[in-house]
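Report on the structure
Single-letter residue listing:
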Amino acid sequence: MARIQIINQEFPNNISLSIKREDELHPIISGNKFRKLKYNIEEAKNLSKKKILTFGGAFSNHILAVAGAGKEFGFETIGIIRGEELSGKISENPTLKLAEQLGMKFDFVSRTTYRLKETKSFIAELKEKFGDFYLLPEGGTNSLAVKGCEEIVSNLDLEYTHICSAVGTGGTISGIINGSKNKHKIIGFSSLKGDFLQKDIAKFANKENWLINCNYHFGGYGKVTDELIHFINKFYLEQQIPLDPVYTGKMMFGILDLIHNNYFPANSKILAIHTGGLQGIVGMNKALEKKGKTTLII
Ligand SMILES: *Cc1c(COP(=O)(O)O)cnc(C)c1O
């Protein structure tokens, strides 16, 4: 069980904020990716699969988690990576470098090809190339992943009024909704632009006690601003809790902003889920350094 830490700060209206440290579940298979993989690994074993194939971008937490799970549970892993230009540059990319050390094999494809990743013909092509495999979608979201994410909240104290999580594909928040009680209000903070997520979540979710806040994406997926970087560094120095710039940093910025704008009723007990993603900081810092920007404190 991940520990729950109270955020040591005075908030208005007797509001309290705690954070569940799912980032500490495993050193490589971090946070929600651990939850999402758990039942998929079981299923792959039951089906006697030897290989797991999945998709992701250059700094993907999911890619690294799958590589780590393959190493730990005895599967060959194959990552179909967006961006042909990366193929000669594995050593410059901390995420891919570590995934490779954990045994993952890569296939770098163009953005156009990557968009075909869910088509039958492309998957048939991949089977021809790599042999039989257990297929995990981009981000690892499927019904078994949602089932695993229910366990993030299943043993939770009933005292919390609100549970908050970062949202990418929506699998994690769907699991949190399904594992929650009706009296909990579930708030997802979208790390990307657009409201297409609502439909994806509604497909999996078994309750209506949730909403998605789309106001804190900071320009879109993987985008950051100086304000966000400054916030994450300040939070780290004050609380000794590291946040990642793609997901949890944006969520925490949003929660604190909403608290200070009186969004939450008096006496709310808010629980934020730390879904992990800290491995991405090194790669983000490299990119920030190149642009001469302030980097994240590690
Ligand atoms: C992948 C990821 C998410 C998003 O999870 P989804 O199930 O895709 O919504 C949130 N936080 C972190 C740290 C992640 O790595």
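Predicted model, so just to flag it, every value in this text is computed and none were measured.

The next subject is helix α11 (residues 280–290). If you check which residues of α11 are buried, you get Gly280, Ile281, Gly283, Met284, Asn285 and Leu288. In the core, the buried residues of α11 are packed alongside α2 (61–73), α3 (94–101) and α9 (226–239). Taken from the residues just after α11, Gly292 is the one with a positive phi, measuring 70°.

Before going further, it helps to examine the nonpolar core. The biggest cluster of nonpolar side chains holds 34 residues, and the ones touching the most others in it are Leu17, Met252, Ile255 and Ile259. Those elements that place two or more of their residues in this core are β2 (16–21), β7 (162–167), β8 (185–190), α9, α10 (248–260), β10 (269–274) and α11. The element best represented in this core is α10, accounting for seven residues. Not counting residues up to four positions away in its chain, the partners in contact with Leu17 are Gln5, Ile6, Ile7, Phe11, Met252, Ile255, Leu256, Ile259, Ile270 and Ala272. Residues Ile29, Ala67, Ile90 and Leu136 belong to the second largest nonpolar core, which totals 24 residues.

Right, let's get into the pattern of salt bridges. Proximity of charged atoms lets side chains of opposite charge pair with each other. On inspection of all chains with the given rule, the structure shows 14 salt bridges. Note that Lys20 and Glu22 form a salt bridge whose closest N and O atoms lie 2.8 Å from each other. One salt-bridge network, held together by shared partners, links Arg3, Arg21, Asp23 and Glu24.

Before going further, it helps to examine the UniProt feature "domain: Tryptophan synthase beta chain-like PALP" (unreviewed entry) in the protein chain. The positions that UniProt labels "domain: Tryptophan synthase beta chain-like PALP" (unreviewed entry) are, in the present scheme, residues 14–276. Helix makes up 39% of residues 14–276 and strand 18%, and the two end C-alpha atoms of the span are 28 Å apart.

The next subject is the site of the ligand. Taken together, 15 residues form the shell around the ligand, and within it Lys33, Lys36, Thr169, Thr172 and Thr275 come nearest. Contacts to the ligand include Lys36, whose side-chain N or O atom sits 2.6 Å from an oxygen atom. Note that an oxygen atom of the ligand is positioned 2.7 Å from one of the side-chain N or O atoms of Asn61. Mapped onto the shell around the ligand, the elements with two or more residues apiece are α1 (32–46) and α7 (171–179).

Parameters and conventions
Residues numbered from 1 in each chain as written. Predicted model: local features only at pLDDT ≥ 70, side-chain atom pairs only at ≥ 80, totals over all residues. Heavy atoms only, no water. Buried < 20%, exposed > 50% of the residue type's maximum accessible area, 1.4 Å probe, protein only. Helix = DSSP H or I, 4+ residues; strand = E, 2+ residues; numbered from the N terminus. Contact = heavy atoms within 4.5 Å. Core = buried A, V, L, I, M, F, W, Y, C linked by side-chain atoms within 4.5 Å. Salt bridge = Lys/Arg side-chain N within 4 Å of Asp/Glu carboxyl O. UniProt positions renumbered as here; feature names shortened; annotations may be inferred. Near = heavy atom within 4 Å. Polar contact = N/O pair within 3.5 Å; in protein donor to acceptor, adjacent residues only side chain to side chain.

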